[in-house]
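Now for the letters of each chain:
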Amino acid sequence: MDQTTQILLLIITAALGLIATILILRRDRLRSASADRESPFAVATEGMKRCPACGVANLVTDATCSACGETLPG
């Protein structure tokens, strides 16, 4: 291979790497945006009580919140 062909292959490889990087970053951004949406799956909260400070569900037997440490009512 002559030098011109090697340079052309290097430029093409660099462009493909750049395109792949952009696509991966875009995919990750779309995944994190979809994580903010509400889950389509039902979650049972029977036997749980919600923390008044942060809203996390805790076991009925817990005295403090597992997420923020706030004292739970009841």
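Nothing here was measured: the structure is a model prediction, and the numbers come from that model.

1. Thoughts on a nonpolar patch on the surface
Okay, step 1: Taken together, the side chains of Met1, Leu8, Leu9, Ile12, Leu16, Ile19 and Leu23 define a hydrophobic patch exposed on the protein surface, amounting to about 740 Å² of accessible area.
Okay, step 2: Position of Met1 among the secondary structure elements: in the segment before helix H1 (3–35).
Okay, step 3: For Met1, a relative accessible area of 73% translates into the label exposed.

2. Let's talk about the environment of Thr71
Okay, step 1: Looking at where Thr71 falls in the secondary structure, it is placed in the segment after strand E2 (57–59).
Okay, step 2: Residue classification places Thr71 among the exposed residues on the basis of a relative accessible area of 57%.
Okay, step 3: Placed 20 residues apart in sequence, Thr71 and Cys51 show a C-alpha to C-alpha distance of 8.1 Å.
Okay, step 4: Discounting chain neighbours no more than four positions away, the residues touching Thr71 are Ala63 and Thr64.

Analysis parameters
- Residues numbered from 1 in each chain as written.
- Predicted model: local features only at pLDDT ≥ 70, side-chain atom pairs only at ≥ 80, totals over all residues.
- Heavy atoms only, no water.
- Patch = residues over 30% accessible without salt bridge, like charges linked within 9 Å, V, L, I, M, F, W, Y side chains within 5 Å.
- Areas by Shrake-Rupley, 256 points an atom, 1.4 Å probe, with all protein chains shown as cover.
- Salt bridge = Lys/Arg side-chain N within 4 Å of Asp/Glu carboxyl O.
- Helix = DSSP H or I, 4+ residues; strand = E, 2+ residues; numbered from the N terminus.
- Buried < 20%, exposed > 50% of the residue type's maximum accessible area, 1.4 Å probe, protein only.
- Contact = heavy atoms within 4.5 Å.

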